[in-house]
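Residues per chain are reported as follows:
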Amino acid sequence: MLSPPVVSLVPAMSSRLPLSAAESEHGDALADSTAWVDALRRPGAERDRAVARLHELLLRAARFEVSRRRAALSHVRGEELDDLALQAADDALVAVLGKLDDYRGASRFTTWAYKFALLEAGVRLRRRAWQEREVVLEPEVWPLMADAGQGPQGQAEANELMGAIKDSIDCCLTEHQREVLVALALNGVPLDVLSERLNTTRGALYKTLHDARRKLRAELATRGFALDSI
Amino acid sequence: MDRHTNDDTLKRLLGPAEPEVLCDECFERLDEYVELELRGEPADKRIPGLRAHLEGCPACHEDYESLRALVENS
């Protein structure tokens, strides 16, 4: 059983309160965040207690993420999901402690810390959900534009746009950009799954997707398509 | 299959029209963005490009939804 921390290390602001009340507690929340950081920086038993409390907090966040995604992971045993949440909390703890100097107080410390646990848990859960699935880098089926009730002319225009997109992908993107765009945008492969298979990071992969999309938009604009509403 | 399906397909292929931050900056400022939203402050004005990124990046969007829900329920 953990000893209670010397300082108050509980989330200070409850958003269940009306916003005006929550705002009035903002100052308390900032003071509480300072207490967290001070406790985590101070050597000795106080830091140990703060680290233990932080791990509890991160584990709660990781379990929260598991509970949100449980429906998509119904084939995975509960014990494995518990273990996955614990791993996520462990890695998030290392990340939070390693980046403590980056915390600038732009949000409450607890909110800042939560995001590390949610990221670690989310990545693991998405990858676990795709563990037995093949990642396809070629289009499985080229989408046809659905009949959206816009009449024959509107339908023809929609199909013309999709045809132009396909041509632009073939002519204007690099092979890597093409594979990434098709896998993510057409075949529904999660970013974190593809980044693992291609041995890269989410950020680097999204940059590839971003550049491919920019090229596509530019090419379609030169072909006379108005994309302002998309 | 309807207009929403068409729009979703096009949005996945073409991404957001507006300038966007990328994943690293999104992660860096996500906590601030969520708290601004929950306090009713103009998050999109204070952190331009983050909303566009959330529309274009499903992974960061899921992280955003989870963080917002967790903070709301804390």
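In case you missed it, the structure is sitting above this.
Summary of the structure given here. No experiment lies behind these values; they were computed from the predicted model shown.

**A look at the overall build of chain A**
The helix and strand inventory of chain A stands at nine helices and zero strands. Going from the N terminus to the C terminus, chain A shows its helices and strands as α-α-α-α-α-α-α-α-α. Taking all 230 residues of chain A together, 34% fall into the buried category. Put simply, of all contacts in chain A between residues at least 6 apart along the chain, 70% involve residues at least 24 apart.

**With respect to the overall build of chain B**
When helices and strands are tallied, chain B shows five helices and zero strands. Reading chain B from its N terminus to its C terminus gives the helix and strand order α-α-α-α-α. Here the C-alpha coordinates of chain B stretch approximately 40 × 25 × 20 Å along the principal axes. Scored against the burial criterion, the 74 residues of chain B give a buried share of 45%. Residue pairs in contact within chain B that sit at least 24 positions apart in sequence constitute 69% of those at least 6 positions apart.

**A few points about the interface of chain A and chain B**
Across the boundary between the two partners, chain A contributes 41 residues, which contact 36 residues of chain B. When residues of the side of chain A that touches chain B are traced back to their parent elements, those giving at least two are α1 (19–24), α3 (45–69), α5 (109–129), α6 (151–172), α8 (191–197) and α9 (202–222) of chain A. Of the residues forming the side of chain A that touches chain B, the biggest block, eight residues, is contributed by α9(A).

**A short note on the packing of α3(A) against α5(A)**
Residue and element names in this part refer to chain A. Remark: α3 packs on α5, axes separated minimally by 8 Å, with the N-to-C direction vectors making an angle of 45 degrees. The pairing of α3 with α5 is recorded here as oblique in orientation. Pair α3 / α5 crosses with right-handed handedness. Across from Leu54, Leu57, Leu58, Ala61, Ala62, Glu65, Val66 and Arg69 in α3, the residues of α5 making contact are Thr110, Ala113, Tyr114, Ala117, Leu118, Glu120, Ala121, Gly122 and Leu125. A breakdown of the residues in the contact of α3 with α5 according to their chemical character gives twelve nonpolar, two polar and three charged.

**What about helix α4 (residues 78–98) of chain A?**
All names here are of chain A. Helix length check: α4 (21 residues) gives 30 Å between terminal C-alpha atoms against 30 Å at 1.5 Å per residue, within 8%. Every buried residue of α4 is accounted for by Leu81, Leu84, Ala85, Ala88, Ala89, Ala92, Leu93 and Val96. The inward-facing, buried residues of α4 contact α3 and α5.

**Here's the deal with the nonpolar core**
Residues and elements named next belong to chain A. Ranked by size, the top nonpolar core spans 72 residues in total, and within it Leu58, Ala62 and Ala117 carry the most contacts. Sort the elements by how many residues they give to this core and α5 lands first, with eleven residues. Not counting residues up to four positions away in its chain, the partners in contact with Leu58 are Ala89, Ala92, Leu93, Ala113 and Ala117.

**Description of the environment of B:Glu65**
All names here are of chain B. Looking at the secondary structure, you find Glu65 in helix α5 (residues 58–73). In this structure Glu65 comes out as partly exposed when scored by C-beta crowding, with 14 C-beta atoms within 10 Å. Between the C-alpha atoms of Glu65 and Val34, which are 31 residues apart in sequence, the distance is 9.1 Å.

**Topic: the environment of A:Asp32**
Residue and element names in this part refer to chain A. Take Asp32: it is sitting in helix α2 (residues 26–41). Owing to 20 C-beta atoms within 10 Å, Asp32 belongs among the buried residues under this scheme. With 76 residues separating them along the chain, Asp32 and Arg108 place their C-alpha atoms 8.0 Å apart.

**A short note on the packing of α4(A) against α5(A)**
All names here are of chain A. Between α4 and α5, the shortest axis-to-axis distance is 8 Å and the interhelical angle comes to 140 degrees. Comparing the axis directions of α4 and α5 gives the class oblique. Crossing hand, α4 versus α5: right-handed. For the pair formed by α4 and α5, the contact residues are Leu84, Ala85, Gln87, Ala88, Ala89, Asp91, Ala92, Ala95 and Val96 on the first element and Ala113, Phe116, Ala117, Glu120, Ala121, Arg124, Leu125 and Arg128 on the second. For the contact of α4 with α5, the class distribution of residues is twelve nonpolar, one polar and four charged.

**Digging into helix α7 (residues 175–186) of chain A**
All names here are of chain A. Counted at 1.5 Å a residue, the expected span for α7 with its twelve residues is 16 Å, and the 16 Å between its end C-alpha atoms agrees. Those residues of α7 lying buried are Val180, Leu181, Val182, Ala183, Leu184 and Ala185. Looking one or two residues beyond α7, the residue adopting positive phi is Gly188, at roughly 70 degrees.

**Things to note about unusual backbone geometry**
All names here are of chain A. Here Asn199, not a glycine, exhibits a phi torsion of approximately 55 degrees, which is positive. Its place among the elements puts Asn199 in the loop between α8 and α9. The exposure class assigned to Asn199 is exposed, which follows from the 6 C-beta atoms found within 10 Å.

**Looking at the environment of B:Ala59**
Locating B:Ala59 in the fold gives a position in helix α5. For the pair B:Ala59 and B:Cys23, spaced 36 residues apart in sequence, the C-alpha separation works out to 9.0 Å.

Scoring rules and cut-offs
Residues numbered from 1 in each chain as written. Chains lettered and ligands numbered in written order. Predicted model: local features only at pLDDT ≥ 70, side-chain atom pairs only at ≥ 80, totals over all residues. Helix = DSSP H or I, 4+ residues; strand = E, 2+ residues; numbered from the N terminus. Buried ≥ 20, exposed ≤ 12 C-beta atoms within 10 Å, placed from the backbone. Contact = placed C-beta atoms within 7 Å. Axes fitted to C-alpha atoms, helices over the stretch in contact; angles between N-to-C directions. Parallel < 35°, antiparallel > 145°, perpendicular 65-115°, else oblique. Left-handed = near helix turned anticlockwise from the far one by under 90°. Nonpolar A, V, L, I, M, F, W, Y, C, P; charged D, E, K, R; others polar. Expected span 1.5 Å × (residues − 1). Core = buried A, V, L, I, M, F, W, Y, C linked by C-beta atoms within 7 Å.

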